[in-house]
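One-letter residues, chain by chain:
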Amino acid sequence: MPDEELIVEFALTRLDHPGLDLEETAALLVRRVGPDRMLEFAAANLADRGELRGGVFEAAVERVMRVVLALRDAQD
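This is a predicted model, so every value here is computed, not measured.

Re helix H1 (residues 3-16)
For step 1, the next point in the chain: In this model H1 runs 20 Å from its N-terminal to its C-terminal C-alpha over 14 residues, within 8% of the 20 Å that 1.5 Å per residue would give.
For step 2, the next point in the chain: Every buried residue belonging to H1 is among Leu6, Phe10 and Thr13, and all of these are buried. Down the axis of H1, the buried set is contained in an arc of 65 degrees. They therefore lie on one face. Of the residues in H1, the exposed ones pointing more than 90 degrees away from the buried face are Glu4 and Leu15.

Section: the pattern of salt bridges
For step 1, the next point in the chain: According to the stated counting rule, one finds six salt bridges in the structure shown.
For step 2, the next point in the chain: Between Asp3 and Arg63 there is a salt bridge, with its nearest N and O atoms 3.0 Å apart. With a gap of 60 residues between them, Asp3 in helix H1 and Arg63 in helix H3 (residues 56-75) connect regions that are remote in the sequence.
For step 3, the next point in the chain: Accessibility expressed as a relative area gives 34% for Asp3, which makes it partly exposed.
For step 4, the next point in the chain: For Arg63, the salt bridge identified is with Asp48, shortest N-O distance 2.5 Å. Highlighted residues: Arg63 in helix H3 and Asp48 in helix H2 (residues 22-49), separated in sequence by 15 residues.
For step 5, the next point in the chain: With relative accessibility at 14%, the residue Arg63 sits in the buried group.
For step 6, the next point in the chain: In this structure Asp48 comes out as partly exposed when scored by relative accessible area, which is 43%.
For step 7, the next point in the chain: Three or more residues are tied together by salt bridges with common partners; here these are Asp3, Asp48 and Arg63.

Observations regarding a nonpolar patch on the surface
For step 1, the next point in the chain: A grouping of Val8, Leu12 and Leu15 is seen on the molecular surface, where their side chains present a nonpolar patch of about 300 Å² in accessible area.
For step 2, the next point in the chain: Counting through the fold element by element, Leu15 comes out in helix H1.
For step 3, the next point in the chain: In this structure Leu15 comes out as exposed when scored by relative accessible area, which is 65%.

Things to note about the environment of Arg37
For step 1, the next point in the chain: Its place among the elements puts Arg37 in helix H2.
For step 2, the next point in the chain: The sequence separation of Arg37 and Met65 amounts to 28 residues, and the corresponding C-alpha distance is 15 Å.
For step 3, the next point in the chain: With sequence-adjacent residues up to four places away left out, Arg37 is seen in contact with Met1 and Glu5.

About the thresholds
Residues numbered from 1 in each chain as written. Predicted model: local features only at pLDDT ≥ 70, side-chain atom pairs only at ≥ 80, totals over all residues. Heavy atoms only, no water. Helix = DSSP H or I, 4+ residues; strand = E, 2+ residues; numbered from the N terminus. Expected span 1.5 Å × (residues − 1). Buried < 20%, exposed > 50% of the residue type's maximum accessible area, 1.4 Å probe, protein only. Arc of directions from axis to C-beta. Salt bridge = Lys/Arg side-chain N within 4 Å of Asp/Glu carboxyl O. Patch = residues over 30% accessible without salt bridge, like charges linked within 9 Å, V, L, I, M, F, W, Y side chains within 5 Å. Areas by Shrake-Rupley, 256 points an atom, 1.4 Å probe, with all protein chains shown as cover. Contact = heavy atoms within 4.5 Å.

Spatial relationships are all this shows, so hold off on functional conclusions.
What follows is the structure in structure tokens.
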């Protein structure tokens, strides 16, 4: 999934659940996209970091957070 599509999915998830913080929203998104996308996110995180930190789910959530925070920081 391209980063742009990931951001759109994140935004839609956040709209559906406005009370969640960013990490909770990222975790919900990873659960929503299913195991194949979760593995894709974890693999992208491994490629970026050169290591897996935690399990596949945690690595996938970290990838979503890294993309979201990178976009947010780029706009500042």
